[in-house]
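Fold and contact review
The primary structure of each chain is shown beneath.
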There are 2 protein chains.
Amino acid sequence: MGISERKERQKTELRQQILEASQTIVVQDGFAALTMRKIAEAIEYAPATIYLYFENRDEIAKQICIHGYQELLDYLHPVAAISDPRDRLLAIAEAYIRFGMNHAETYRLIFMADPKFTNAILKDAPIDDSGGPGSPAFHVLIKLLDDLKAQDQLAANADSLHFAQVLWTALHGIVSLKLTCSGFLTASAEGLGTTMTHTFLAGLPKNS
Amino acid sequence: MGISERKERQKTELRQQILEASQTIVVQDGFAALTMRKIAEAIEYAPATIYLYFENRDEIAKQICIHGYQELLDYLHPVAAISDPRDRLLAIAEAYIRFGMNHAETYRLIFMADPKFTNAILKDAPIDDSGGPGSPAFHVLIKLLDDLKAQDQLAANADSLHFAQVLWTALHGIVSLKLTCSGFLTASAEGLGTTMTHTFLAGLPKNS
DNA sequence: GTCTATAGGCTGATAGAC
DNA sequence: GTCTATCAGCCTATAGAC
């Protein structure tokens, strides 16, 4: 079995190489710049060879999305463990925004481009509060709202799912607008995030 | 002068026809589908003719952006006149979201695509609180925050510009995420908008 | 397994005839 | 002023040689 195992290993190695080259292209020049010819040039193979490892360009894009989503989870995982839900909210917002700004083109690909890639990641992850197999990243938000509720920071009869969605859109708005119109959002993404979370918790600051 | 005036008029008429055909294409099939050939087919002229009226494709796109931005102003103008700033906030949010959902592809082009188009609209409109020639749409938000401040809904020492940006990103987040991942935002855009504005004003709802 | 060569399509933009 | 014809380039994907 040694020979077929080696072949298998070599196969996955080139597959991995294709993915890494593709990710580099996306990160540097955006998704539109991801072409089979460029990938082929980067890995020093002929374009046709790529089709032995991936069905088409979309399959490569999908894999990059899945990988990027994993990276987002890596950003969220440490802060999701913070016990105080108020602190956790601030940390989650900071981490989400930091991911978006550090991985701009990946964020674009996952959350701002063709929904078919987003769907590829989330399609087995319907957003609900079932605690089931749904999108792990979104469950971090739902759990956050549930824990805020347990501390009377959110009304007991409020819909955690709904408020989690409001929070997600708010954070997404900061990242996406900053990525598209940074010249006209004079505030930093981090500053907007901090204000957003405080306002989310307590509303607009009042005269004291 | 009658002849040259007629010629001038005919020139602007075809120009207008090109723009209208282009807008139809963008609205129906998105910006990526806007090609010179398709425009030519729609107006029943040869592709080369378009270049007598517009320098290139980008100039056409820019004009569509400017027109779309005007439409956004048309949505905002009536509600910007509401005197009570709390009511006005709700109405502005509703109008902004309604514009985004009703003109999805235009919204994409202006706020979710290449920044160069966004810049074309806003470049003479630096976001500040000077009341100068800046972006009219954004001044609606700044004035709103100022008026909330005058009613003690916002602390006197708070930065209206900053909170206006937070509000903008929040509204943009709802529209843009709904346009990209509507399958995973189970709440309606309107519902998210209502919750967002209430939370913006008063924070998460508490047990009463 | 990898290559070359190419089919078959698209694009923006332009030169030059009429 | 408008056309035809075309340049020069891009793309995905595949057939068939090696």
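Below you will find a few notes about this structure. None of the values given here were measured: they were computed from a predicted structure.

1. Re the overall build of chain A
Looking only at helices and strands, one finds 10 helices and 0 strands in chain A. The secondary structure elements of chain A, listed N-terminal to C-terminal, are α-α-α-α-α-α-α-α-α-α. Taken along the three principal axes of its C-alpha coordinates, chain A extends 70 × 45 × 25 Å. Residues counted as buried form 53% of the 208 residues belonging to chain A. Nonlocal contacts in chain A, meaning residues at least 24 apart in sequence, comprise 61% of its contacts between residues at least 6 apart.

2. Section: helix 5 (residues 85-102) of chain B
Residue and element names in this part refer to chain B. Taking 1.5 Å per residue as the helical rise, helix 5 with its 18 residues ought to reach 26 Å, and the 25 Å between its terminal C-alpha atoms agrees with that figure. Looking at helix 5, one finds that the buried residues are Pro85, Arg88, Leu89, Ala91, Ile92, Ala93, Ala95, Tyr96, Ile97, Phe99 and Gly100. Lining the buried residues of helix 5 we find helix 4 (57-80), helix 6 (104-112), helix 8 (136-150), helix 9 (160-181) and helix 10 (189-202).

3. Remarks on the protein's contact with DNA strand C
For DNA strand C, the set of nearby residues contains 15 residues, the closest of which are Ala46, Thr49, Leu52 and Tyr53 of chain A together with Tyr51 of chain B. For DNA strand C, the fraction of protein-proximal atoms (within 4 Å) that sit in sugar or phosphate groups is 57%. At 3.2 Å, a backbone N or O of Met36 of chain B approaches a phosphate oxygen of DNA strand C. Counting only elements with at least two residues in the surface near DNA strand C, the list comes to helix 3 (47-50) of chain A together with helix 2 (36-43) of chain B. Across the surface near DNA strand C, the residue classes break down as 10 nonpolar, 3 polar and 2 charged.

4. Brief notes about the nonpolar core
Among the nonpolar cores identified, the biggest contains 150 residues, and Ile18, Ile60 and Leu145 of chain A together with Ile18, Ile60 and Leu145 of chain B are the most heavily contacted of them. Apart from residues lying up to four places away in sequence, Ile18 of chain B is in contact with Ile39, Ile43, Ile50, Tyr53, Phe54 and Ile60 of chain B.

5. Details of the side chain of Thr118 of chain A
All names here are of chain A. The topology assignment puts Thr118 in helix 7 (residues 115-122). For Thr118, a relative accessible area of 1% puts it in the buried group. Only 2.6 Å separates the side chain of Thr118 from the backbone oxygen of Ile110, close enough to count as a polar contact.

6. Looking at the protein's contact with DNA strand D
The local shell around DNA strand D holds 14 residues, among which Thr35 and Arg37 of chain A together with Ala46, Thr49 and Tyr53 of chain B are the closest. If you look at DNA strand D and keep only atoms within 4 Å of the protein, 60% of those are sugar or phosphate atoms. Arg37 of chain A has a polar side-chain atom sitting 3.5 Å from a base oxygen of DNA strand D. The side chain of Tyr53 of chain B places a nitrogen or oxygen atom 2.7 Å from a phosphate oxygen of DNA strand D. Tallied by class, residues from the surface near DNA strand D come to 9 nonpolar, 3 polar and 2 charged.

7. Some details on the packing of helix 4 of chain B against helix 7 (residues 115-122) of chain B
When two helices pack together, their arrangement is given by the angle between their axes and by how far apart the axes lie. All names here are of chain B. At a minimum axis separation of 9 Å, helix 4 and helix 7 run at an interaxial angle of 55°. In terms of orientation, helix 4 lies oblique with respect to helix 7. Crossing hand, helix 4 versus helix 7: right-handed. Where helix 4 abuts helix 7, its residues Asp58, Ala61, Lys62, Cys65, Ile66 and Tyr69 lie against Lys116, Phe117, Ala120, Ile121 and Leu122. Classifying every residue of the contact of helix 4 with helix 7 gives 8 nonpolar, no polar and 3 charged.

8. Here we look at the layout of surface pockets
Space left empty within the atom packing is revealed by a probe, the size of a water molecule, rolled over the atoms. A volume near 880 Å³ is recorded for the largest pocket. The wall of the largest pocket is formed by 30 residues, among which Met112 and Ala113 of chain A together with Met112, Ala113 and Asp114 of chain B lie closest to the centre. At the level of elements, helix 4 (57-80), helix 6 (104-112) and helix 7 of chain A together with helix 4, helix 6 and helix 7 of chain B are the ones that each hand at least two residues to the lining of the largest pocket. Residues that form the lining of the largest pocket fall into these classes: 14 nonpolar, 2 polar and 14 charged.

9. Some words on the interface of chain B and chain A
Interface size is commonly expressed as the accessible area that is lost once the parts come together. In this complex, chain B contributes 50 residues to the contact, which on the side of chain A involves 50 residues. Both faces considered, chain B and chain A share a buried interface measuring about 4300 Å² in area, 67% of it formed by carbon and sulfur atoms. When the area that chain B buries against chain A is broken down by residue, the three leading residues are Thr169, Phe184 and Leu204 of chain B, summing to 17%. Between chain B and chain A we count 20 residue pairs in polar contact (both at pLDDT 80 or more) in total. Per element, the largest residue contribution to the side of chain B that touches chain A is 16 residues, and it comes from helix 9 of chain B.

Thresholds, definitions, all that
- Residue numbering note: each chain is counted from 1, following its sequence as written.
- Whichever chain is written first is A, and whichever ligand is written first is 1; the rest continue in order.
- In keeping with the predicted nature of the model, local features appear solely for residues at pLDDT of at least 70, side-chain atom pairs appear and are counted solely at 80 or more, and the whole-chain, interface and lining totals rest on all residues.
- Note that the side-chain values use all heavy atoms of the structure and ignore hydrogens as well as water.
- Only DSSP runs of H or I reaching four residues or more are called helices, and only runs of E reaching two or more are called strands; each is numbered from the N terminus.
- Remark: exposure states derive from per-residue accessible area (1.4 Å probe, protein chains only) relative to the maximum for the residue type, with buried under 20%, exposed over 50%, and partly exposed in between.
- Any two residues having at least one pair of non-hydrogen atoms within 4.5 Å are treated as being in contact.
- Working rule for helices: expected span equals 1.5 Å times residues minus one.
- We call a residue near a molecule or strand as soon as one heavy atom of that residue lies within 4 Å of the molecule or strand.
- Throughout this description, a polar contact denotes any pair of N or O atoms lying within 3.5 Å of each other; where both atoms belong to protein, one of them has to be capable of donating a hydrogen while the other can accept it, and for residues adjacent in sequence the pair is counted only when both atoms sit in side chains.
- Amino acids outside the nonpolar list (Ala, Val, Leu, Ile, Met, Phe, Trp, Tyr, Cys, Pro) and the charged list (Asp, Glu, Lys, Arg) are all regarded as polar, and Gly is one of them.
- The nonpolar core is taken to be a set of buried Ala, Val, Leu, Ile, Met, Phe, Trp, Tyr and Cys residues, with the residues joined through side-chain atoms within 4.5 Å.
- Axis definition: a line fitted to C-alpha atoms, over the contacting stretch in the case of helices. Angles run 0 to 180 degrees between N-to-C directions.
- Between 65 and 115 degrees an angle is taken as roughly perpendicular, under 35 as roughly parallel, over 145 as roughly antiparallel, and anywhere else as oblique.
- A crossing counts as left-handed when the near helix is turned anticlockwise from the far one by less than a right angle, and as right-handed when that turn is clockwise.
- Within this scheme a cavity is a closed region of a 1 Å grid, computed over the protein atoms alone, that accommodates a 1.4 Å probe without allowing it to escape, whereas a pocket is open but has protein on both sides within 12 Å along at least five of seven lines; lining residues each have an atom within 4 Å of a point.
- Grid points are joined across faces, edges and corners, and a volume is the space filled by probe spheres set on the points.
- Here the quantity called buried area is the total loss of accessible area, with a 1.4 Å probe, experienced by two parts when brought into contact, counted for both.

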